[in-house]
Amino acid sequence: MNIEVRGLTKAFGPITAVTDLSFEVEAGSVTGFLGPNGAGKSTTMRMMLGLVAPASGTATFGGDRYADLPHPSATVGAVLDSAGFHPAHTARDHLRVYARMGGYGTARVNQVADLTGVSAFAGRTTRILSTGMRQRLSLATALLGDPQVLLLDEPSNGLDPEGIAWLRYFLRELAADGRTILISSHVLGKIEHMADHVVVIRDGRLVTTGPVTGLYGSATVLVRCAQADRFAAELMESGVQVERPRPDLLRIHGLSTAQVATAAASHGVTLREITREQPTLEQVFLHLTGGSR
Amino acid sequence: MTALPAALLAAEWTRLTSTRLWLWGLLAALGSGAFVGLLALAGPENFTPPLPGLDTAQGTHVLLGLLGCTVFAPALLGTVAVSSEYRHRTITTTTLFAPRRWTWLAAKLAVYTGAGLAYGAVAAIVAGGALFGVAVLKGITLGLPTVTVAALLARIALTMAVYTLLGVAVGALLRNQVTALVAVGAYFYMIETVLMLIPGIKELYPYLPGGATAALTGFTYLADALAGQTGTSAAHLLSAPAGAAVLVCYALIAIAVAVAAPLRRDIM
Ligand SMILES: Nc1ncnc2c1ncn2[C@@H]1O[C@H](COP(=O)(O)OP(=O)(O)O)[C@@H](O)[C@H]1O
Ligand SMILES: [Mg+2]
């Protein structure tokens, strides 16, 4: 089921949270929804789910707005940071209430509890659950209707490394089942190995969208040499883009290691070190969202 | 399918019965019934100022009317039903499971009408039992015929159900649990009483929830006492059926408000 977001716009008083945001999420893909804190990720997801009314624009799942879906909780599951639990409810009570609401049986409550590891603490009141347990319970609730689409708003926030590892593994399993997953994050590392696509926003506007591989851009070559001054000047003269992060270090854009080595030899420059440098997704992300800051 | 009324009703029922709210409701209902029983045991003739005894029509009326004064308790229960969803932020998940928001509100109203009736029935049965029990104990006959007492108790039970609905509406409107509870409490304990002191507005009293309740339960002690203190004449209450009609109108307004209020609101 494709997700289509068209021209979503929302302001809270004088603060514009999201401006004319459009993107698509392909069925069966895992898409990272990236942006720094305050970029408008949560607001966008809430608008997609009909919790927040957009000033303009629409979001559809397979052509239908969330509220118009024939069976919303069986189509789209959402884990939102703002969702809470009644403190006097046990984890199981919470699942039972929403299983009733969606028309799912007790068997399904047990299934999702087993699947997410909630079974281990199903009898505890939600008041005393740890962040990790709460996140599992949220996931279990979202999975009650076995939805094909999942919207996850910073699901790894507040989790310890173990929790994050579990979550990654779990989401990979869900993705392997062919689910469409949109997962937001303000850091790329958490979803780097999962997402096929990314949607990057900043200040409520789209920065870029596309396959993850496209984000990497071209590699650079890092060289350390004694005559850095002269080499940099020679390269720039021939139209090559060169950065100089340290006095003896050059970052050369647009040339392969072989081309750099050849150029060095022809200029009589002695290389002490030569490395091909692939920027991390994190760097790309910072570059894209950091702009001129 | 999510909007299936049966599923939403079942969910609300589970929500009510899986927390202690139902237990507090039951205790409050038993308590308000028992409270009337205790007052009967003490005897209205021993109140300050002394009132006619249980064996007089007025004395029995006063005690039944005091039961009618506890209707704010089921109203608070109705308020908690909605405001706790906002307080504990389950409203997000609830709305995700039933995105047509009026549907879950309607389910709450339906379940809490039932709960309000049950509350009223428990309170009325306990109070009724206590009144008759005390009468037997003291070797007197109640000042009102049994049928009249039973009818008044039934009216009070119905009034409690209506107040539960009013409470649900206030909760849906105000969202903040403390604000909503304070508003409901302050209204029944202070605002209506203060309004009765204002000569011009006093004429409105019969049409306010408290005035309509008084008409329905035949309890005019409060109005009379205030009139006596301030030297003004008491506001004339409506007839019992008219009081009932006014209360039903409030309930309908409450339902409309409760259903309409969350429709366009952003749920953060
Ligand atoms: N309820 C609200 N009232 C006012 N401003 C809000 C509200 N919710 C979000 N904002 C503002 O909207 C912008 C986007 O917020 P949010 O969607 O939460 O970003 P993100 O999830 O990417 O961190 C921020 O500037 C935030 O301060
Ligand atoms: Mg956020």
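Preceding this section is the structure that the text describes.
Nothing here was measured: the structure is a model prediction, and the numbers come from that model.

### Some words on the sheet that holds strand β12 (residues 249-253) of chain A
Residue and element names in this part refer to chain A. Taken together, 4 strands build an open sheet; the order of strands is β11-β12-β10-β13 and the sheet is antiparallel. Two strands lie at the open edges of the sheet, namely β11 (242-246) and β13 (271-277), each paired on one side alone. For this sheet, the mean angle separating the axes of adjacent strands, direction not counted, is 25°. In this sheet, β12 lies alongside strand β10 (residues 220-225) in antiparallel orientation, the contact comprising 5 bridges. Counterpart to L222 in the pairing with β12 is R251.

### Considerations on the site of ligand 1
Residues in contact with ligand 1, as listed here, are F12, I15, A17, P36, N37, G38, A39, G40, K41, S42 and T43 of chain A together with M268 of chain B. Residues lining ligand 1 come from chains A and B. Contact between ligand 1 and A39 of chain A: an oxygen atom at 3.2 Å from a main-chain N or O atom of the residue. In this structure, S42 of chain A approaches ligand 1 through a side-chain N or O atom, which is 2.7 Å from an oxygen atom. Its free accessible area being 560 Å², ligand 1 has 66% of it covered by the protein chains. By residue number, the principal contributor to the shell around ligand 1 is helix α1 (residues 41-48) of chain A, which donates 3 residues.

### Quick notes on the pairing of strand β8 (residues 197-202) of chain A
Residue and element names in this part refer to chain A. Within β8, 5 of the 6 residues are buried, leaving the element largely enclosed by the surrounding structure. With 4 bridges connecting them, strand β3 (residues 30-34) and β8 associate as parallel partners. Residue pairing for β8: F33 is matched across the bridge by V199. In terms of strand pairing, β8 meets strand β9 (residues 205-211) through 6 bridges, oriented antiparallel. By the bridge assignment for β9, V198 is matched with G210. Here β8 hands over to β9 after 2 residues, with D203 in that stretch at a positive phi of 50°.

What counts, and at which threshold
- The written sequence of each chain sets the order in which its residues are numbered from 1.
- Here chains are named by letter from A upward and ligands by number from 1 upward, in the order in which they appear as written.
- Per-residue local features are limited, in this predicted model, to residues with pLDDT of at least 70; the limit for side-chain atom pairs, both in listing and counting, is 80 or more; totals at the level of whole chains, interfaces and linings are taken over all residues.
- The side-chain quantities take in all heavy atoms of the structure and omit both hydrogens and water.
- Strands were regarded as paired on the criterion that DSSP finds at least two bridges between them.
- Comment: elements are numbered from the N terminus, with helices defined as DSSP H or I runs of at least four residues and strands as E runs of at least two.
- Each axis is a line fitted through C-alpha atoms, taken for helices only over the stretch in contact, and angles between the N-to-C directions span 0 to 180 degrees.
- For this description, a residue counts as near a given molecule or strand if any of its non-hydrogen atoms is within 4 Å of it.
- Within 3.5 Å is the distance limit for a polar contact, defined as a pair of N or O atoms, with the added protein rule that one can donate a hydrogen and the other accept it, and that residues adjacent in sequence qualify only through two side-chain atoms.
- In this description, accessible areas are obtained by the Shrake-Rupley approach with a 1.4 Å probe, and a residue is regarded as covered only by the protein chains that are shown.
- Only protein chains enter the accessibility calculation, which uses a 1.4 Å probe; a residue is then buried when its area is under 20% of its type maximum, exposed when over 50%, and partly exposed in between.

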